[in-house]
Amino acid sequence: LMESIVKLYSDKPGEISSFLNKFFTTSEFKISDELLWENHYKAIGVTNLVLDALPEASISEAEKESYGAEMNFFRAYFYFDLVQQFGKIPLVTEAIQEPQTDFKRSSVADVYKLIVSDLRYAAEHLRESATGTDQSKATKYAAAHLLSKVYLTRGSAITDQRGQLSTDMDSAYY
């Protein structure tokens, strides 16, 4: 399965949108407490596969940058959901080719660092608007909006240690 996903998305990384749209719109991916973890990590796995496959993809550099920014946006979105629900979670940033069961949970602060990094990259490299066949794709404004929400969430922690910085509330106006 992993090899077929890599083949599919290394030649046509734009097709990841159909997978992620299915994630949000069909009952195949039911979002409940018991399935949230599994479904989000499936989606993170696909984004990691695409990010790992992009350097070798036979598309232009501009397309690679655009698809990479979109994958960073989606990965940040899924990690943000997970960290809010579960706190310390495994942080997986590379495609996994073999079955693995020994994941270590990362600190909440480390998860937020990745989320902020992914969203900053996405906000800088995504398209400004999405029209026509690109309507379902992420834009720089969607990334900036989510980044603001991340800063507000991280900065508003009173007793939780989320790696908050004194500048988080000001950064929410990203």
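Residues numbered from 1 in each chain as written. Predicted model: local features only at pLDDT ≥ 70, side-chain atom pairs only at ≥ 80, totals over all residues. Heavy atoms only, no water.

As for the pattern of salt bridges
Evaluation of the coordinates by the stated rule reveals four salt bridges. Residue Glu61 pairs with Lys64 through a salt bridge whose shortest N-O separation is 3.5 Å. One end of the pair is Glu61 and the other is Lys64, both in helix H4 (residues 61–86) and three residues apart, which spans about a single turn. Overall, Glu61 belongs to the exposed group, its relative accessible area being 59%. (Salt bridge = Lys/Arg side-chain N within 4 Å of Asp/Glu carboxyl O. Helix = DSSP H or I, 4+ residues; strand = E, 2+ residues; numbered from the N terminus. Buried < 20%, exposed > 50% of the residue type's maximum accessible area, 1.4 Å probe, protein only.)

Some points on the packing of H4 against helix H6 (residues 140–155)
Between H4 and H6, the least distance of the axes is 11 Å, while the angle of their chain directions is 25 degrees. By the angle between their axes, H4 is roughly parallel relative to H6. In the packing of H4 onto H6, the handedness of the crossing is left-handed. Counting all contacts with H4, which are made through Phe73, Tyr77, Phe80 and Gln84, the residues of H6 involved are Ala142, Ala143, Leu146, Lys149, Val150 and Thr153. Tallied by class, residues from the contact of H4 with H6 come to seven nonpolar, two polar and one charged. (Axes fitted to C-alpha atoms, helices over the stretch in contact; angles between N-to-C directions. Parallel < 35°, antiparallel > 145°, perpendicular 65-115°, else oblique. Left-handed = near helix turned anticlockwise from the far one by under 90°. Contact = heavy atoms within 4.5 Å. Nonpolar A, V, L, I, M, F, W, Y, C, P; charged D, E, K, R; others polar.)

A short note on the side chain of Asn72
Considering the arrangement of structural elements, one finds Asn72 in helix H4. Note on Asn72: relative accessible area 9%, which makes it buried. Not counting the four nearest positions on each side in its chain, Asn72 is found in contact with Leu51, Asp118 and Tyr121.

Considerations on the confidence of the model for the protein chain
It should be kept in mind that the predicted coordinates are not to be read in detail where pLDDT is low. A residue-level look at the protein chain finds 70% of positions with pLDDT of 70 or above and a mean pLDDT of 80. Counting interchain partners and residues more than four positions distant, the pLDDT-below-50 stretch residues 1–11 has 17 contacts. (pLDDT = per-residue confidence, 0-100.)

Some thoughts on the packing of H4 against helix H5 (residues 108–125)
For any two helices packed against each other, the geometry comes down to the angle between their axes and how far apart the axes lie. Between H4 and H5, whose axes approach to 8 Å, the crossing angle comes to 150 degrees. By the criterion of interaxial angle, the relationship of H4 to H5 is roughly antiparallel. As for the relative orientation of H4 and H5, their crossing is left-handed in sense. Contacts between H4 and H5 pair Glu65, Gly68, Ala69, Asn72, Phe73, Arg75, Ala76, Tyr79, Phe80, Val83 and Gln84 from the former with Val108, Val111, Tyr112, Leu114, Ile115, Asp118, Leu119, Tyr121, Ala122 and His125 from the latter. Split into classes, the residues belonging to the contact of H4 with H5 amount to 14 nonpolar, four polar and three charged.

Here we look at H4
Compared with the 38 Å implied by 1.5 Å per residue over 26 residues, the 37 Å span of H4 between its first and last C-alpha is a close match. In the stretch just after H4, Gly87 is the one whose phi turns positive, near 80 degrees. (Expected span 1.5 Å × (residues − 1).)

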